[in-house]
Amino acid sequence: MIHFVLLIVCAVAIYLSCEWFVNAVEWLGQRLRVGKMAVGTILAAFGTALPESVVTLVAVTTGATEEAKNIGVGAAMGGPLALAAVAYGVTGAVLLFKRRRERLLVLADTGMSPNGPDSGEALGDEQDIKRLAKDQQWFLPIFIVKVSLGLIAFAFKPALGLLFFAAYAVYFWREIRSSRADESAEEDEELEPLKFQPKKASPATWAVVAQTLAALGVIFLAAHYFVAQLDVIGPMLGLSATVTALLLSPIATELPEIMNAVIWVRQGKTELALANISGSMMIQATVPSGIGLLFTKWNFDGPLLWSGIITMAAIVYLLATMRAHKLTPARLATAAGFYVLFALGLIPILS
């Protein structure tokens, strides 16, 4: 039972530290004078995706055998799938619950049908959704190249890892530039007081940085121990090490992004929640992939190829709904079905 207790403790620690992180990163974005969307796609995404990139780096550089190094390759493939399916799906489910709860409260208080958005109304304004669609348009071709390289072998393949780093650098520059251009058009949003200095209307910069780094440290440690507990609990539940690594570990490593999204949706900042997920996906598509290409053979087996196919299918689905401006909470929640499809497809592959 101690492993189950520790699993719950780690999950609670991740959620609480994410509360402090999103609070600090919004102030950090204001200090750095970046736009609202860049806070999600760049600052929050970089902070929460960095631990996973470190895990990949450690696995591929210190692994004693090729199998040990392939753990890093699995992490590089599992992360985007967990974000595209589970993170978006959980966000949609929370939005559905939040909208229905708000409508029921208004109906109970007034006895009249509320005028607010229902579960069938599209998310966000058209400009924000177009920017999110652009993130998916960036992600999809990069991910296709990433999967294609896992199916072929040639001498200079490791050198192509540098191109993935360059791709993220271009994305980073584009996001910062567009956020600077949009900043003047955005209204100054009143932020919640910094938790390190709750009585100050404008906290000190050192406090903002300190809270950001402290929250990230707790997130990293709690996520590490969360994964460690899953590695023990999986076999206890009759799951093989392969199934645990492919199905449960990716969700655990992407738990900070999922928690961030839940917190921002609860605060009514849906655009930040979606931006955090899309920005994290761009990091997962480039940085761990570049590391894996540099230090491993980057050869895919059946489960890895299947995860790549399902990830691409999920992105095509999301991109189509975003471009048509029909991304509703229900359609977003449906993305979780791709993870179920991935799990079902693993059964014949592994057997």
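The structure we're discussing is the one just above.
Let us look at the structure shown here.

### Structural notes on the environment of L304
Here is step 1: Within the fold, L304 resides in helix 10 (residues 302–323).
Here is step 2: Classification of L304 as buried rests on a relative accessible area of 9%.
Here is step 3: Separated by 231 residues in sequence, L304 and V73 have C-alpha atoms that sit 8.7 Å apart.
Here is step 4: Beyond its immediate stretch of four places on either side in the chain, L304 contacts V73, G74, M77 and N299.

### Comments concerning the environment of Y168
Here is step 1: Tracing the sequence through the fold places Y168 in helix 5 (residues 161–183).
Here is step 2: Under the relative-accessibility criterion, Y168 is labelled buried at 8%.
Here is step 3: Each C-alpha atom of the pair Y168 and V287 lies 7.4 Å from the other, and the pair is 119 residues apart in sequence.
Here is step 4: Discounting residues that sit within four places of it in the chain, Y168 has contacts with I42, F46, M282, I283 and T286.

### With respect to the nonpolar core
Here is step 1: Membership of the largest hydrophobic core comes to 100 residues, with the highest contact counts inside it found for I14, F21, Y88, F226, M281, L332 and F342.
Here is step 2: Apart from residues lying up to four places away in sequence, L332 is in contact with Y88, G89, T91, G92, L95, L123, L274, L318 and L327.

About the cut-offs
Residues numbered from 1 in each chain as written. Predicted model: local features only at pLDDT ≥ 70, side-chain atom pairs only at ≥ 80, totals over all residues. Heavy atoms only, no water. Helix = DSSP H or I, 4+ residues; strand = E, 2+ residues; numbered from the N terminus. Buried < 20%, exposed > 50% of the residue type's maximum accessible area, 1.4 Å probe, protein only. Contact = heavy atoms within 4.5 Å. Core = buried A, V, L, I, M, F, W, Y, C linked by side-chain atoms within 4.5 Å.

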